[in-house]
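Analysis of the macromolecular model
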Amino acid sequence: LKLGVLVSGSGTNLQAIIDSIKAGKLNASIEIVISSREDAYALKRARDNNIESVAICPERYLSKMEYEEAMIKKLKEAKVELVVLAGYIKVLSPHFVRAFAGRIINIHPSLIPAFCGKGYYGIRVHEAVLEYGVKVTGATVHFVDEGTDTGPIILQKAVEVRDDDTPEILAKRVLEVEHELLPEAIRLFAEGKLEVVGRRVLIKK
Ligand code: GRF
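All figures in this text were calculated on a predicted structure; none of them were measured in a lab. Counting restarts for each chain, with residues numbered from 1 along the sequence as it is written. Note on the predicted model: pLDDT of at least 70 is required for a residue's local features to be given, and 80 or more for side-chain atom pairs to be given and counted; whole-chain, interface and lining totals, by contrast, use all residues. For the side-chain quantities, the full set of heavy atoms in the structure was used; hydrogens and water were omitted.

**A short note on the pattern of salt bridges**
The salt bridge criterion pairs a side-chain nitrogen of Lys or Arg with a carboxyl oxygen of Asp or Glu, the two atoms within 4 Å. Inspection of every chain in the model, using the stated rule, returns 15 salt bridges. Across the pair Glu-77 and Lys-73 runs a salt bridge whose closest N-O atoms are separated by 2.8 Å. Of the two residues, Glu-77 and Lys-73 are both situated in helix α3 (residues 64-77); the distance of four residues between them amounts to about one turn of the helix. Think of it in three bands: residues with accessible area under 20% of the maximum for their type are buried, residues over 50% are exposed, and the middle band is partly exposed, with areas taken using a 1.4 Å probe on protein chains only. Among the residues examined, Glu-77 registers a relative accessible area of 46% and is labelled partly exposed. The salt bridge partner of Glu-180 is Lys-157, with a shortest N-O separation of 2.7 Å. With a gap of 23 residues between them, Glu-180 in helix α6 (residues 167-190) and Lys-157 in strand β7 (residues 153-160) connect regions that are remote in the sequence. On the accessibility criterion, Glu-180 (41% relative accessible area) is partly exposed. Judged by its relative accessible area of 34%, Lys-157 is partly exposed. One network of salt bridges, with partners in common, ties together Glu-184, Arg-187, Glu-191 and Lys-193. Each helix is a run of H or I in the DSSP string that is no shorter than four residues. Each strand is a run of E no shorter than two, and both are numbered from the N terminus.

See below:
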């Protein structure tokens, strides 16, 4: 399965995919890494692993449409079959989502539908979790639809919230679960084991 990975930051989720492929646990290839930021450490991870990478930055384009068209062009040229949002913080338009209908997945650091949607990304998610006082949080991998963090859920895993947690400590514990779930979701997709029925994603054994 040919992957295109969109990133914006440190790229630890990208690294988890790279490691899973290297360990022979995931029969896929990362054809292109596209970062929305020139300074994303994720780009170094791609370079260190001889993976083609490019920074396509929204602020360099006159419109969101032109920005997304530049990404779509790169992804199509690389014959990408699944687009993976791995720490990618921009919201994709319905135009982009339709260009890869049913072939975009995203990892989010909470148990959707809790603590998700506009404004809930990165450390902010964990600050909100602690402010609210929930006892359980976690990570979610879902298909991307035209909403924000609203597509059919593929995998989730719970993470306990501890009394002495800070947002940073909690983020680190959730990130470890993200690194398990994302490669697993890609593997299930690659093996054709995901069946979307309405809003539900059934996993064939
Ligand atoms: C993290 O907040 C993670 O929860 C979310 O994106 C952020 C950075 O991920 N998915 P990464 O290290 O760039 O993969």
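Resuming the write-up.
**Overview of the side chain of Arg-45**
Tracing the sequence through the fold places Arg-45 in helix α2 (residues 41-48). The charge count includes Lys and Arg as positive and Asp and Glu as negative, but it does not include His or the ends of the chains. Within the buried core, Arg-45 has no salt-bridge partner, and the shortest N-O distance to an opposite charge, that of Asp-19, equals 7.0 Å. Each polar contact in these results corresponds to two N or O atoms within 3.5 Å; when the atoms are within protein, one needs to be able to donate a hydrogen and the other to accept it, and residues that are neighboring in sequence are counted only if both atoms are side-chain atoms. In terms of polar contacts, Arg-45 uses its side chain to reach the backbone carbonyl oxygen of Gly-11, at 3.3 Å. Engagement of the side chain of Arg-45 in a polar contact is seen with the side chain of Gln-15, the distance being 3.3 Å. By definition in these notes, contact holds between two residues if any of their heavy atoms fall within 4.5 Å. With residues near it in sequence (within four places) discarded, Arg-45 still touches Ser-10, Gly-11, Thr-12, Leu-14, Gln-15 and Ile-18.

**Quick look at the UniProt feature "active site" (unreviewed entry) in the chain**
UniProt positions are given in the numbering used here, feature names are shortened, and annotations may be inferred rather than shown by experiment. Using the residue numbers shown here, the UniProt feature "active site" (unreviewed entry) corresponds to His-108. Note on placement: His-108 falls in strand β5 (residues 104-108). His-108 sits in the buried class, given a relative accessible area of 3%. When sequence neighbours within four positions are dropped, the list of residues in contact with His-108 reads Phe-115, Cys-116, Tyr-120, Val-125, Gly-138, Ala-139, Thr-140 and Asp-149.

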